[in-house]
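Residue-level structure breakdown
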There are 2 protein chains.
Amino acid sequence: MNIYDIAKLADVSIATVSRVVNNSPKVSARTKEKVLAIMKENEYTPNAFARGLGLGTMKTVGIICPDISDIYMAKAVSYLESNLHDHGYDCILGCSGFKQKEKESYVKLLLSKKIDTLILVGSTYAGSGKDEADTDYIREAAEQASVFMINAKVAGDNIYCTYADDFQATYEVTKAYLRRGKEKILFMYDSESFSARQKLAGYEAALQDAGYPVLGNLKFKTKNDIEYTKNMLLEYNKVLDFDSVLATDDGIAAGAVKYAKIKGLSIPEELSITGYNNSILALCSDPELTSVDSKLGVMCRKTVERMIELLENEAQIEKNVCVPCEIVRRCTTDY
Amino acid sequence: MNIYDIAKLADVSIATVSRVVNNSPKVSARTKEKVLAIMKENEYTPNAFARGLGLGTMKTVGIICPDISDIYMAKAVSYLESNLHDHGYDCILGCSGFKQKEKESYVKLLLSKKIDTLILVGSTYAGSGKDEADTDYIREAAEQASVFMINAKVAGDNIYCTYADDFQATYEVTKAYLRRGKEKILFMYDSESFSARQKLAGYEAALQDAGYPVLGNLKFKTKNDIEYTKNMLLEYNKVLDFDSVLATDDGIAAGAVKYAKIKGLSIPEELSITGYNNSILALCSDPELTSVDSKLGVMCRKTVERMIELLENEAQIEKNVCVPCEIVRRCTTDY
């Protein structure tokens, strides 16, 4: 029996149960009575999530990302912290890495703290897409506290997702390449995360819609590392035939630029390159990268706005919000 | 009357007072009695720092940095979180910005949480160096919890600092430039922080020791922004005469590379460039940047090691630890 079950039995939100536990004046006497009765009936003891007895909300949000030294995730945490601080909330930060076991144990760890809600930053938390059981730990977590996910989509009660429309973005980039006569588009990725899968699907759909085959050897797995990507391309370019690159991160695209320089290929004429996330690497690279801006700031704002609505006003909030991307054209493409 | 006063009167560390308050078994009966007597005598009520009554240590560390979206600070927080997690500590993260008032209020905010200790990441917390009062808020904070500073040096009880030997690094870079006949070295910086002041002092000392004048117009203030720095150099190059750049951050150095490209200057022959922090920008830049590695990972490890010694073993720890830098030579210099 957990707070979620109590909420269900009482036909109120978990926020309401939390308020009752915390003796908030916002709850009507009638609701309070009903919830307390159900708690008693079921011998429910408030857990970490609800135990700030008499202190009202904890005003603390747990944020977990795999790697805060990653430019994209650091930006996300920066946006979230700033938005949450404006609303008087503090952040407990955890960096879980990418392994399933560590992700699960970090989620458990943060739930054991007095947090109002949990934010998971990054596509990796949605699992590989092959096994639904990969995300069971998130549905379990959502029984204790509301879970907000950024750039991932997981179905379940009390789970709220905000993600970029990556499918649309790579669909458009691929279409734009084809229009400019680039028909051998190398799709470069570094994971099979939710976001990477959307990007791949957009690329494949655009090719198919335009009547082109989807070639397996043009889907090229690498690491989000400039040096590594450069070396991989130098190693495999003899067996690969490509005139353009669509990379799932700017770090990969920057490696493709380095490769083109070494091979003496003119950019964008002989090799066009599109990066992703519109990071500082897009501006540091020479020539500067065309890059898909996945509107991380908007995603973080929409996450915190909904969270506040849920926590403070018990509002019905949108479960899934999809944010359109913007293609920022610079010097590595001519579409 | 605060925990620090009690510790002084009882002639024990604040960690011991905290343990007494938290009823830790690690304190001898005699010490406990003495501390409790002094607390009673002085009508001392444990504050936020000590109020985890009966729960032992909070195992929570407050980390404040000005801007987590900055590559360098994100790396620092990543190292700290990982080291602290290994020791079973959680992190509360605050991003204070660079304004004095906000820094002060963030420090107060985190002290009001149940934290064992506070880590301040970044040179900005040491103030401008012009007014000692700038750092009073840190000495006040240190009365409530031990304060660890990274890349800053502030004197005071219960304040522990770890910083890079920036003086030595810029001294060596300047000497190396002079040996290669580069005598018009543009020092590019973006703040007057503790770290920036050490870097400037090393540059000036090397010039003076070699019998060269320190020219005011070769000390050039910019922003840690590629585009901005490039534009500043394009605007001022007519009135500036320089053959080499020593930048206090890779973002500045990357801007100098962009400038050289536009002006058609060969790197490193006509313009040599040295960056700082050995970040991903050094590898993304073309040509790749020579950069000073300020050994952030070592600084973070030494910080957490001492913190654990202090918190868990009440050990006497070094107040100030200076970590030597390493100059990583790449393609933008020939020294």
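Whatever comes next refers back to the structure up there.
A quick note: this is a predicted structure, and the numbers were derived from the prediction, not measured.

1. Considering the nonpolar core
- Counting 64 residues, the largest nonpolar core has Ile63(A), Leu84(A), Ile119(A), Ile63(B), Leu84(B) and Ile119(B) as its most contacted members.
- In terms of nonpolar packing, the next biggest core, distinct from the first, is built from 48 residues, Ile92(A), Tyr106(A), Tyr137(A) and Cys161(A) among them.

2. Description of the sheet that holds strand S11 (residues 320-323) of chain B
- Here we have 12 strands laid out as an open sheet, ordered S11(A)-S5(A)-S4(A)-S3(A)-S1(A)-S2(A)-S2(B)-S1(B)-S3(B)-S4(B)-S5(B)-S11(B), and mixed in their pairing. On the outer flanks of this sheet lie strand S11 (320-323) of chain A together with S11 of chain B, each paired with one strand and no other. Along the sheet, successive strands turn relative to each other by an average axial angle of 20°, direction set aside.
- Two elements, strand S1 (residues 60-65) of chain A and strand S3 (residues 117-121) of chain A, share 4 bridges in a ladder whose sense is parallel. When the bridges of S3(A) are listed, Ile64(A) appears paired with Leu120(A).
- Sheet contacts for helix H5 (residues 100-111) of chain B: strand S2 (90-95) of chain A together with strand S1 (60-65), strand S2 (90-95) and strand S3 (117-121) of chain B; angle to S1(B), the most-contacted strand, approximately 170°.

3. Things to note about the relation of the copies chain B and chain A
- Between chain B and chain A, which share one sequence, the superposing operator has a rotation angle of 180° and an axial displacement of 0.0 Å; the RMSD is 0.2 Å. Expressed as an axis order, the relation between the two copies is that of a two-fold axis. Looking at the rotation axis and the C-alpha trace of chain B, the residue lying nearest is Ile92(B), at 2.2 Å.
- The fraction of interface residues of chain B whose copies in chain A are also interface residues reaches 100%, indicating that both copies meet through the same surface.

4. Topic: empty space enclosed by the protein
- Enumeration over the complete set of coordinates arrives at 3 cavities of 30 Å³ or more.
- Taken as a whole, the largest cavity holds about 40 Å³ of empty space.
- Lining the largest cavity we find Leu93(A), Gly94(A), Tyr106(A), Leu109(A), Leu110(A), Glu81(B), His85(B), Tyr89(B), Asp90(B) and Cys91(B).
- Taken together, the elements giving at least two residues each to the lining of the largest cavity come down to S2 and helix H5 (100-111) of chain A together with helix H4 (71-86) and S2 of chain B.
- Among the elements that make up the lining of the largest cavity, the one with the highest residue count is H5(A) (3 residues).
- Each residue belonging to the lining of the largest cavity can be placed in one class, and the counts come to 6 nonpolar, 2 polar and 2 charged.

5. Regarding helix H3 (residues 29-41) of chain B
All names here are of chain B.
- An ideal rise of 1.5 Å per residue puts 18 Å on 13 residues; H3 measures up with 18 Å between its terminal C-alpha atoms.
- Restricting attention to buried positions, one finds in H3 the residues Val35, Ile38 and Met39. Buried positions in H3, seen along its axis, are confined to an arc of 105° and lie on one side of it. Across H3 from its buried face, at more than 90 degrees, point the exposed residues Ala29, Arg30, Glu33, Lys40 and Glu41.
- As for H3, its buried residues are in contact with helix H1 (3-10) and helix H2 (14-21).
- Positive backbone phi, approximately 50°, marks Glu43, located one or two places after H3.

6. So, the pattern of salt bridges
- Counted under the stated rule, the structure contains 28 salt bridges over all chains.
- Residues Lys258(B) and Glu288(A) are paired through a salt bridge, measuring 3.9 Å at the closest nitrogen-oxygen approach. Of this pair, Lys258(B) sits in helix H10 (residues 250-263) while Glu288(A) sits in the loop between helix H11 (280-284) and strand S10 (290-293), on two different chains.
- The partner of Arg301(B) in a salt bridge is Glu305(B), and the shortest N-O contact between them spans 3.3 Å. Taken together, the positions of Arg301(B) and Glu305(B), both in helix H12 (residues 296-313) and 4 residues apart, correspond to about one turn of that helix.
- Glu305(B) gets classed as partly exposed once you look at its relative accessible area, which sits at 41%.

7. As for the packing of aromatic side chains
- A complete count under the given rule lists 16 aromatic pairs over all chains for this structure.
- Their ring planes at 20° and their centres at 6.1 Å tell us that Phe167(B) and Tyr171(B) sit as a pair that is stacked. Of this pair, Phe167(B) and Tyr171(B) both sit in helix H7 (residues 166-179), 4 residues apart, which is roughly one turn of that helix.
- Under the relative-accessibility criterion, Tyr171(B) is labelled buried at 16%.
- Arranged with centres 5.8 Å apart and planes meeting at 75°, the rings of Phe220(B) and Tyr236(B) form a pair that is edge-to-face. Taken together, the residues Phe220(B) in strand S7 (residues 219-221) and Tyr236(B) in helix H9 (residues 226-236) connect sequence positions 16 residues apart.
- These aromatic residues form a ring-pair network of at least three members: Phe187(A), Tyr189(A) and Tyr203(A).
- In this structure, Lys223(B) packs its charged tip against the face of Tyr228(B), placed 4.6 Å from the ring centre.
- Between the NZ or CZ atom of Lys319(B) and the centre of the ring of Tyr160(B), over which it lies, the distance is 5.2 Å.

8. Quick word on the interface of chain B and chain A
- Each partner contributes to the interface: chain B provides 32 residues, whereas chain A provides 32 residues.
- At the boundary of chain B with chain A, the tally comes to 6 salt bridges.
- The tally of links from chain B across to chain A stands at 18 residue pairs in polar contact (both at pLDDT 80 or more).
- When residues of the side of chain B that touches chain A are traced back to their parent elements, those giving at least two are H4, S2, H5, H9, H10 and helix H11 (280-284) of chain B.
- Broken down by element, the side of chain B that touches chain A gets its largest block of residues, 7 residues, from H4(B).
- Considered class by class, the residues forming the side of chain B that touches chain A number 16 nonpolar, 5 polar and 11 charged.
- In this sheet, S2(B) lies alongside S2(A) in antiparallel orientation, the contact comprising 3 bridges. Bridge assignment links Ile92(A) to a residue of S2(B), and that residue is Ile92(B).

Cut-off values and rules
- Note on numbering: residues in each chain are counted from 1, in written sequence order.
- Chains and ligands are labelled by the order in which they are written, letters from A for the one and numbers from 1 for the other.
- A pLDDT threshold of at least 70 governs which residues receive local features in this predicted model, and a stricter bar of 80 or more applies before side-chain atom pairs are shown or counted, although totals over entire chains, interfaces and linings include all residues.
- Excluded from the side-chain calculations are hydrogens and water; all other atoms, namely the structure's heavy atoms, are used.
- The definition of a nonpolar core used throughout is a set of buried Ala, Val, Leu, Ile, Met, Phe, Trp, Tyr and Cys residues joined through side-chain atoms within 4.5 Å.
- Relative accessibility thresholds used throughout: buried, under 20% of the residue-type maximum; exposed, over 50%; partly exposed, between the two (1.4 Å probe, protein chains only).
- At least two DSSP bridges between two strands are required for those strands to pair.
- Helix and strand definitions here come from DSSP, where helices need a minimum of 4 consecutive H or I residues and strands a minimum of 2 consecutive E residues; each element is numbered from the N-terminal end.
- As a rule, the C-alpha atoms of each element are fitted with a line to give its axis, helices using only the stretch in contact, and angles between N-to-C directions run from 0 to 180 degrees.
- Two residues form a contact once any of their heavy atoms are found within 4.5 Å.
- Copy-to-copy superposition: least squares on the C-alpha atoms, limited to residues that have pLDDT of at least 70 in both copies.
- Cavity and pocket criteria rest on a 1 Å grid covering protein atoms alone: a 1.4 Å probe that fits but cannot get out defines a cavity, protein on both sides within 12 Å along at least 5 of 7 lines defines an open pocket, and an atom within 4 Å of a point defines a lining residue.
- Grid points are joined across faces, edges and corners, and a volume is the space filled by probe spheres set on the points.
- Residue polarity is assigned by list, with Asp, Glu, Lys and Arg as charged and Ala, Val, Leu, Ile, Met, Phe, Trp, Tyr, Cys and Pro as nonpolar; anything else, Gly included, falls into the polar class.
- A helix is expected to reach a length of 1.5 Å times the quantity of its residues less one.
- An arc is given here, and it is the one of the directions from the helix axis to the C-beta atoms.
- Every case where a carboxyl oxygen of Asp or Glu lies within 4 Å of a side-chain nitrogen of Lys or Arg is listed as a salt bridge.
- Stacked, tilted and edge-to-face are the three classes applied to pairs of Phe, Tyr and Trp rings, where Trp contributes its six-membered ring and a pair requires centres within 6.5 Å; stacked means planes under 30 degrees apart, edge-to-face means over 60, and tilted covers the rest.
- In this scheme, the term charge over a ring applies when either NZ of a lysine or CZ of an arginine sits within 6 Å of the ring centre and within 35 degrees of the ring normal.
- Polar contacts, as counted here, are pairs of nitrogen or oxygen atoms within 3.5 Å of one another; within protein the pair requires one atom able to donate a hydrogen and one able to accept it, and residues that are adjacent in sequence qualify only if both atoms are side-chain atoms.

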